[in-house]
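Results of the structural survey
Each chain is listed here by its residues.
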Amino acid sequence: MQFTTKNHEHHRQSPQSHLVVFRDQSAGLRYLTRSTRTSEHTTTWEDGNVYPVVEVDVSSAAHLARQQARHPQRELAGAAA
């Protein structure tokens, strides 16, 4: 594969990823991962470093938490007995 100047220019203009904490508001979970997203809000992670935090409500854990809150007696499909 030949490296061209056009590809190089595009690479320099692409947003750079950095460490960000995504906080799932419904499930109360936090995930530290790389992303191009950023935020003016920050949080201190378990390693003592401060990272931008992005609030989300989309994880499967949030979905399961809502289902359990609505139907506390119902067993979840695939749950271990």
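Basis of the calculations
Numbering of residues starts from 1 in every chain and runs along the sequence as written. Totals for whole chains, interfaces and linings use all residues, but because this is a predicted model, local features are given only for residues with pLDDT of at least 70 and pairs of side-chain atoms are given and counted only at 80 or more. By convention in this description, side-chain values take in all heavy atoms of the structure and omit both hydrogens and water. The pLDDT value tells you how sure the predictor is about a given residue, anywhere from 0 up to 100. Secondary structure elements follow DSSP: runs of H or I of four or more residues count as helices, runs of E of two or more count as strands, with numbering from the N terminus. The rule is simple: take the accessible area with a 1.4 Å probe, protein chains only, and divide by the maximum for that residue type; under 20% is buried, over 50% is exposed, in between is partly exposed. Pairing between strands is defined by DSSP: at least two bridges between them are needed. Every axis in this analysis is a line fitted to C-alpha atoms, fitted for helices over the stretch in contact. Angles between the N-to-C directions lie between 0 and 180 degrees.

Moving on, we come to the confidence of the model for the protein chain. In this model, the protein chain carries an average pLDDT of 78, and 64% of its residues clear a pLDDT of 70 or more. Mean pLDDT per element in the protein chain: helix α1 (residues 5–13) is the minimum at 58, and strand β3 (residues 42–44) is the maximum at 96.

The next thing to look at is the environment of Leu64. With respect to the helices and strands, Leu64 occurs in helix α2 (residues 60–70). Overall, the relative accessible area of 38% leaves Leu64 in the partly exposed class. Leu64 sits 37 residues away from Ala27 along the chain, and the two C-alpha atoms are 8.4 Å apart.

Turning to the sheet that holds strand β4 (residues 50–56), a few remarks are in order. Ordered by their spatial adjacency, 4 strands build an open sheet running β2-β1-β4-β3, and the pairing between neighbours is mixed. The sheet is open, and its two edges are formed by β2 (29–35) and β3, each paired on a single side. Neighbour-to-neighbour, the strand axes of the sheet open up by a mean angle of 45°, direction not taken into account. Here 4 bridges tie strand β1 (residues 18–24) to β4, and the two strands are oriented parallel to one another. Each residue of the ladder has a partner; that of Phe22, found in β4, is Val54.

The next subject is the pairing of β2. As paired elements, β1 and β2 share 7 bridges and run antiparallel to each other. Considered in β2, the bridge of Val20 is made with Thr33. Where β1 hands over to β2, the hairpin turn is made up of 4 residues, of which Gly28 adopts a positive phi near 70°.

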